[in-house]
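Structure assessment
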Amino acid sequence: MLFRFSGLWLVGMGVLAMAPVTYGQQADTTQLPEIAPREIEIRGEREIALPSLERQPLSGFTSPPTLPTVPTGHRPYVGSQDQSLDRLPESLPVPETVSSSLAPTPDPIQGFLEGGSGRYFSRFFEGRVGGALSSHSRLSVHGTYTGTEADPNDDVAEAAVRLQHTKDPLRIDATAHGNVQRYTLYGASPVGPAASEAPDRESHSAGGAVQVRHTDRAAPARAKVRYDQTEYTSFLDATSTEQSYSQQQLGLSGEATVPLPYQPHVQARFRRSWLGEDPETNTAFDVEASGTVSYSPTGPVSLDIGAAVLAFDTPAQPGQSSPGTADASFVAPVVDAGWRVAEGTRLFLRNRPRLGDTGLDPLYATNPYARHAPSLRPTLETTHAEGGLALTRGLVRIVAAAEYRYAPTYRFFSLANEGLYRVQYDPARILEGRGKVALQGVEGVQASLGLSVRDGTLPDVDSPIPNFASVTADALVTVSFAGGDGFVKAHGTFRGPRDAGLRRAVRLDPYVSVDLEGSYAVGSDLELVARAEQLAPDAPTMWANYPQPVAELSMGVRLRW
């Protein structure tokens, strides 16, 4: 009994002893492990890259970028366009990678037709129409007609068809052309005792050409084949039959730049002609070939140097039973050097030997009143050297140059007794100083003025070159106004006094002529056109015995679509 009581007492005392402890218990201060430890132990082989923090850069404290100043002399060059319009593209080629849905649609057919009449019952008509056959091909047709009842009482009609195909890097141009012409030799004396009217002359020609160009800038190249057939018929005597003279000419030409050091460049032209009533025996040819290399020791300096071969062989008197032969061949240096002295200032020095035209059409285009069946020897210049300065300052561009030319064979025209011109050939020397001023950078306005002072002599006959003026001048002004609806063009020509023949019996007065042309759009597809040609105080006379009508005025309309 005592033992049980002692046990209960001990349990009671334990409970009483734990009660105050439980009642006054403090917060547990046991240390738990850190969730974000300062040290990480990596037991694997994988590398962990943690992003690094960088201070953002300060902005707004730097100075704004400076704009470069453009000198006043840095203006676009505006000058005469030497490139032929036939070589300019009608449209840009379409890349091969463009899908059919994104490819541009063919341009609609576009063109114009104009016509008018005026003083001396002059008349003119011109039309052009062209359209795209596909995204790479284009076809155009062009035709003109001019005529007048006053001297020279002529009618001229021309037509041409052109097909272009462009697919980089090739461009193909194919043309077919033809023309007919009739005019009066009103300054020539009637032939025969019964003749009372001035002689007449008619001509017709037709031909075609195909040109292929490789337009890659690294290796540009061009090849062309051309064929022309021309016939001129002169009615010199009303009591006799007409006299005809014909020419068939085949021409091959080409040029290429080889993608090698010093950029070798070669070009060549060969023409073969069959003349007169017996083309099998009356044949002619001419060759012009040259090769150059380029060298530029410094940026401002460029130099092209090489050599040219010039040769021809043609009947001397094709209208005679024994025409004989006229031939020549020469080798001459080719030089083209330039030095850009400063911005807008360039010095140049060059020598460009050349071979002139051998076609019947170009001869009569220069002088329509030449004798029947002339010799078709070309002008051959072994030396055509010039040096000068090209200067651009603001809105003005100035070119000043001095030239020296020597031609072992030089074509000139000399007045004969019957009022026609003999076509003659002799060696010639020409000294010339020329200058030209052009306005550029003015919107809607173009203007230029050229002046040359020259001296031409024929050493073998110790005589000045006939019909070779010692002073010449040309002026041109074009103005576009009313937002492009109006256009005015003025062109003036001056030729100083000159002898008409070797005998110096006839001396021509100065030739002065001004031509005006203007148009104004009265609607989206209708324009009024006006012309005033050969404005001069007296009848302008380029060739003795053949004065041109004064103040040929005409008006008309132009339709566009």
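Further remarks concern the overall build of the protein. A count of helical and extended segments in the protein gives two helices and 27 strands. For the protein, the proportion of its 561 residues judged to be buried stands at 33%. Of all intrachain contacts in the protein linking residues separated by at least 6 positions in sequence, the fraction that spans at least 24 positions is 54%. Accessible area for the protein stands at about 34,400 Å²; split by element, carbon and sulfur atoms hold 59% of it.

Bringing the side chain of aspartate 155 into the picture now. Following the sequence through the fold, aspartate 155 ends up in strand E4 (residues 155-167). Within polar-contact distance, the side chain of aspartate 155 engages the side chain of arginine 123 at 2.8 Å. When neighbours within four sequence positions are excluded, aspartate 155 is seen to be in contact with Arg123, Tyr145, Thr146, Gly147, Val180, Gln181 and Arg182.

Where E4 and strand E5 (residues 170-184) come together, 13 bridges link them in antiparallel fashion. Of the residues in E5, the one forming a bridge with leucine 163 is alanine 174. Pairing between E5 and strand E6 (residues 200-214): 15 bridges, direction antiparallel. For threonine 184, the partnering residue across the bridge sits in E6 and is aspartate 200.

With that settled, consider unusual backbone geometry. Across the junction of aspartate 168 and proline 169, the peptide omega takes the value 5°, indicating a cis bond. Looking at where proline 169 falls in the secondary structure, it is placed in the loop between E4 and E5. With a phi angle near 55°, alanine 373 is a residue other than glycine that sits in the positive phi range. For alanine 373, a relative accessible area of 14% gives the class buried. Notably, alanine 551 is not glycine yet its phi reads approximately 50°, a positive angle. Tracing the chain through its elements places alanine 551 in the loop between strand E26 (526-535) and strand E27 (552-560).

Counted according to the given criterion, the structure contains 25 salt bridges. Of the charged contacts, one joins arginine 434 and glutamate 386 as a salt bridge, the two residues approaching to 2.6 Å between their closest N and O atoms. Taken together, the positions of arginine 434 in strand E18 (residues 421-439) and glutamate 386 in strand E16 (residues 383-393) put the pair 48 residues apart, joining distant regions of the chain. Relative accessible area serves as the criterion here: at 27%, arginine 434 is assigned to the partly exposed category. Judged by relative accessible area, which is 10%, glutamate 386 ranks as buried.

Here we come to the packing of aromatic side chains. Throughout the structure, instances matching the rule amount to 11 aromatic pairs. One aromatic cluster in this structure is built from Tyr183, Tyr186, Tyr369 and Tyr546. When the ring centre of phenylalanine 468 is taken as reference, the NZ or CZ atom of arginine 454 above it lies at 3.9 Å. Across the ring face of phenylalanine 124, the terminal group of arginine 531 is positioned such that the distance to the ring centre comes to 4.0 Å.

On to the confidence of the model for the protein, then. The predicted model of the protein averages 85 in pLDDT, with 79% of residues at 70 or higher. Contacts of residues 1-25 to residues separated by more than four positions or lying in other chains number zero contacts, the stretch itself having pLDDT below 50. Contacts for the low-pLDDT stretch residues 79-86, under 50 throughout, to residues beyond four places or in other chains number six contacts.

With that out of the way, let us pick up the environment of proline 190. Among the secondary structure elements, proline 190 is positioned in the loop between E5 and E6. Proline 190 sits in the partly exposed class, given a relative accessible area of 38%. Separated by 229 residues in sequence, proline 190 and glycine 419 have C-alpha atoms that sit 9.5 Å apart.

Conventions used here
Residues numbered from 1 in each chain as written. Predicted model: local features only at pLDDT ≥ 70, side-chain atom pairs only at ≥ 80, totals over all residues. Heavy atoms only, no water. Helix = DSSP H or I, 4+ residues; strand = E, 2+ residues; numbered from the N terminus. Buried < 20%, exposed > 50% of the residue type's maximum accessible area, 1.4 Å probe, protein only. Contact = heavy atoms within 4.5 Å. Areas by Shrake-Rupley, 256 points an atom, 1.4 Å probe, with all protein chains shown as cover. Polar contact = N/O pair within 3.5 Å; in protein donor to acceptor, adjacent residues only side chain to side chain. Pairing = 2+ DSSP bridges. Salt bridge = Lys/Arg side-chain N within 4 Å of Asp/Glu carboxyl O. Phe/Tyr/Trp six-rings, centres within 6.5 Å; stacked < 30°, edge-to-face > 60°. Lys NZ or Arg CZ within 6 Å of the ring centre and 35° of its normal. pLDDT = per-residue confidence, 0-100.

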